[in-house]
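A structural walkthrough
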Amino acid sequence: MKLNSKKILIGVATLAELESSRHTEGVDYLVYLEDTPDLFIKDHVNNINYINAAAHGFYSELWEREKDVISPVATPLTLLNSKVFAFVQHSKNGFFEKADQAEFDIKFIVRKLNVSDMTIAARYIDPDALAEVQKIIDSVKPDAPLQQTMGPGM
């Protein structure tokens, strides 16, 4: 496996940099590795997960969108679509705790980054799953402005 120089930070570590309250020890990168069919490559020593965009159409679309972006961090649209896809996959495979974590991340992205476009993920998930994710997105309420709750001198 030859890791090219371009890798895009994607996942919870990215959200933590954006002040999400959810944190993990691992780091996830989107990479493009033509020399392996493996979708997930784990660096156990450094606790890094590489998601190989060359191994799956969904991730390949994300890669095409991101590969020329100068930032090493995924754009909000890519973050949302990756979390939507993860939510659906975890739900289908019975990893409900991971699905709950992805739902939390979806809500954070919608609320804090003001993005709700799931166009890329929608091409790879069934209509029922898409409707379920749309309910999650529709349930997000914007942060309320801070209000003074006590009068002067209290």
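Right, let's walk through the structure included here. In this text the structure is predicted, and so the values were computed from the model without any measurement. Along every chain, residues carry numbers that run from 1 in the direction the sequence is written. Predicted model: local features are reported for residues with pLDDT of at least 70 only, side-chain atom pairs are reported and counted for 80 or more only, and whole-chain, interface and lining totals are derived from all residues. Note that water and hydrogens are dropped before the side-chain values are worked out from all heavy atoms of the structure.

Looking now at the pattern of salt bridges. In the sections that follow, a salt bridge refers to a side-chain nitrogen of Lys or Arg positioned within 4 Å of a carboxyl oxygen of Asp or Glu. Overall, the coordinates contain seven salt bridges when judged by the stated rule. Of the charged contacts in the structure, one is a salt bridge between E61 and R123, with a shortest N-O distance of 2.4 Å. With E61 in helix α2 (residues 57-66) and R123 in the loop between α5 (119-122) and α6 (127-139), this residue pair connects regions lying 62 residues apart in the sequence. As a salt-bridge pair, R65 and E66 come within 3.5 Å of each other at their nearest N and O atoms. Overall, the relative accessible area of 35% leaves R65 in the partly exposed class. It is possible to trace a salt-bridge network through shared partners that takes in R22, K83 and D105. Numbering goes from the N terminus for both helices and strands, where a helix is a DSSP run of H or I of at least four residues and a strand is a run of E of at least two. Burial classes follow relative accessibility: with a 1.4 Å probe on protein chains only, a residue under 20% of its type's maximum area counts as buried, one over 50% as exposed, and anything between as partly exposed.

What follows covers the packing of aromatic side chains. Stacked, edge-to-face and tilted labels apply to pairs of Phe, Tyr and Trp rings (six-membered ring for Trp) whose centres lie within 6.5 Å, assigned for plane angles under 30 degrees, over 60, and everything in between, in that order. As enumerated under the stated definition, the model contains six aromatic pairs in all. When the centroid spacing of 4.9 Å and the interplanar angle of 70 degrees are considered together, the rings of F58 and Y59 count as edge-to-face. Judged by relative accessible area, which is 7%, Y59 ranks as buried. Among the aromatic residues, ring-to-ring pairing joins F58, Y59, F85 and Y124 into one connected group. Between the NZ or CZ atom of K7 and the centre of the ring of Y29, over which it lies, the distance is 4.6 Å. Criterion for a charge above a ring: Lys NZ or Arg CZ within 6 Å of the ring centre, and within 35 degrees of the ring normal.

The values are spatial; any link to function lies outside them.
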